[in-house]
Amino acid sequence: MSVVQEIFAGSPAKGVTESRRTVRRHAVRALRPGRTPAGILVAAALSACAWAVTVEIIAAMFGSPAVWPPLRRLLSLTLGDPAVPGTAAAVIVAGAGLVALAVLPGRPRLVPLEGTDPLLVMGLTRSGLRRTLSGAAEAVEGVKRARVRIRRRQIEVIVLTDTKRTGESLREVGAAVGDQLSGLGPQCRHEVVVRLRRRRI
């Protein structure tokens with residue numbers, strides 16, 4: 001059996017022992033975005049500073065004037081200079097922010113979907129989930145337009161309709177959206193809330 005076949009076949013023993021909560025936690029962790037923009041920004045700033053200091057040191061070794069005069073003034077600062085404590089405080093705050101950025105989890109861009117294989121992680125974009133659920137709501141008779149908002153613990157479906165049977169429409173839209181959610185199988189605990197808005201004729 002190849003590595004690809006093992007991944008798609010999965011391990012039955014492992015799948016039985018792992019709880020659904022553990023599988024969901026692994027899926028959310030796998031779909032969580034990295035801190036790429038912050039990493040690129042820090043790496044670029046450190047590289048620029050390192051190259052500037054290197055050029056200044058080489059220029060000083062050969063007795064040439066500084067390529068960038070403010071850098072020479074910056075290197076000549078002492079601990080007694082009034083600008084040093086303020087700069088140190090700013091660096092400490094920036095470092096604490098970067099540590100918090102690294103420790104705190106990012107918001108996943110994809111909604112994890114349930115699957116039978118714990119080794120396989122699938123996800124659906126939030127905009128794709130919104131479009132799918134609004135399509136299911138618009139398929140209900142009497143619904144002219146539907147808009148879906150995905151909140152932390154709630155999926156809000158706002159329906160524009162001109163029907164007079166409000167109670168039946170609420171139930172039908174709720175059932176259609178719930179069936180669509182069950183078919184997709186997202187690994188989230190969202191309560192579906194349907195709000196009707198009557199269209200003015």
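Residues numbered from 1 in each chain as written. Predicted model: local features only at pLDDT ≥ 70, side-chain atom pairs only at ≥ 80, totals over all residues. Heavy atoms only, no water.

A. Geometry of the pattern of salt bridges. As enumerated under the stated definition, the model contains three salt bridges in all. One salt bridge connects R149 with E156, and the closest N-O pair in it is separated by 3.6 Å. Taking relative accessible area as the criterion, R149 reaches 34% and is therefore assigned partly exposed. Of the residues examined, E156 reaches a relative accessible area of 5% and is grouped as buried. (Salt bridge = Lys/Arg side-chain N within 4 Å of Asp/Glu carboxyl O. Buried < 20%, exposed > 50% of the residue type's maximum accessible area, 1.4 Å probe, protein only.)

B. Up close: the confidence of the model for the protein. Taken as a whole, the protein shows an average pLDDT of 76; of its residues, 83% reach a score of 70 or greater. For the protein, the element scoring lowest by mean pLDDT is helix 2 (residues 12-17), at 45; helix 7 (residues 126-138) scores highest, at 87. Note on residues 1-8: pLDDT under 50 across the span, and six contacts to partners over four residues away in sequence or across chains. Confidence over residues 11-17 falls short of pLDDT 50; this stretch has two contacts with residues more than four positions distant or in other chains. (pLDDT = per-residue confidence, 0-100. Helix = DSSP H or I, 4+ residues; strand = E, 2+ residues; numbered from the N terminus. Contact = heavy atoms within 4.5 Å.)

C. Region of interest: the environment of P186. Mapped onto the secondary structure, P186 falls in the loop between helix 8 (166-184) and strand 5 (191-198). The class of P186 is buried, set by a relative accessible area of 11%. Between the alpha carbons of P186 and L124 there is a distance of 8.4 Å; along the sequence they are 62 residues apart. When near neighbours in sequence (up to four residues on either side) are disregarded, P186 contacts V111, P112, L113, E114 and L181.

D. Region of the structure containing the nonpolar core. In terms of nonpolar packing, the biggest core is built from 16 residues, with L133, V157, V159 and V173 touching the most fellow members. Listing elements by their share of this core, those giving two or more residues are helix 7, strand 3 (143-150), strand 4 (154-161) and helix 8. If we skip the residues at most four places from it in the chain, V173 touches A137, V140, V143, V157, V159 and V194. (Core = buried A, V, L, I, M, F, W, Y, C linked by side-chain atoms within 4.5 Å.)

E. Seen up close, the sheet that holds strand 5. The strand order across the open sheet built from three strands is 3-4-5, with neighbouring strands paired in mixed fashion. The sheet is open, and its two edges are formed by strand 3 and strand 5, each paired on a single side. Neighbour-to-neighbour, the strand axes of the sheet open up by a mean angle of 20°, direction not taken into account. Relative to strand 4, strand 3 is paired through seven bridges, and the arrangement is antiparallel. Directly across from V143, in strand 4, lies its bridge partner T161. Along the sheet, helix 7 makes contact with strand 3 and strand 4, crossing strand 3 at roughly 150°. (Pairing = 2+ DSSP bridges. Axes fitted to C-alpha atoms, helices over the stretch in contact; angles between N-to-C directions.)

F. Broad picture of the packing of helix 7 against helix 8. Two numbers describe how helix 7 lies on helix 8: the axes approach to 8 Å, and their chain directions differ by 140°. Between helix 7 and helix 8, the angle is such that the two are oblique. Between helix 7 and helix 8 lies a crossing of right-handed hand. Along its contact with helix 7, which presents L129, T132, L133, A136 and A137, the element helix 8 presents V173, A176, V177, Q180, L181 and L184. Class assignment of the residues belonging to the contact of helix 7 with helix 8 gives a composition of nine nonpolar, two polar and no charged. (Parallel < 35°, antiparallel > 145°, perpendicular 65-115°, else oblique. Left-handed = near helix turned anticlockwise from the far one by under 90°. Nonpolar A, V, L, I, M, F, W, Y, C, P; charged D, E, K, R; others polar.)

G. A look at the environment of S127. By the element assignment, S127 lies in helix 7. Judged by relative accessible area, which is 30%, S127 ranks as partly exposed. For the pair formed by S127 and V148, sequence separation is 21 residues and the distance between their alpha carbons is 9.4 Å.

H. Here's a closer look at helix 7. Across its 13 residues, helix 7 extends 18 Å between first and last C-alpha, which sits within 8% of the 18 Å expected from 1.5 Å per residue. Those residues of helix 7 not exposed but buried are G128, L129, L133, S134, A136 and A137. In this structure, the buried residues of helix 7 make contact with strand 1 (110-113), strand 2 (122-125), strand 3, strand 4 and helix 8. (Expected span 1.5 Å × (residues − 1).)

I. Representation of a positive patch on the surface. There is a patch of like positive charges on the surface, built from R21, R25, R29, R32 and R189. Secondary-structure assignment places R32 in the loop between helix 3 (20-31) and helix 4 (36-61). Taking the relative accessible area as the measure of exposure, R32 reaches 32% and is therefore partly exposed. (Patch = residues over 30% accessible without salt bridge, like charges linked within 9 Å, V, L, I, M, F, W, Y side chains within 5 Å. Areas by Shrake-Rupley, 256 points an atom, 1.4 Å probe, with all protein chains shown as cover. Lys, Arg positive; Asp, Glu negative; His and termini not counted. Charge placed at Lys NZ, Arg CZ, Asp CG, Glu CD.)

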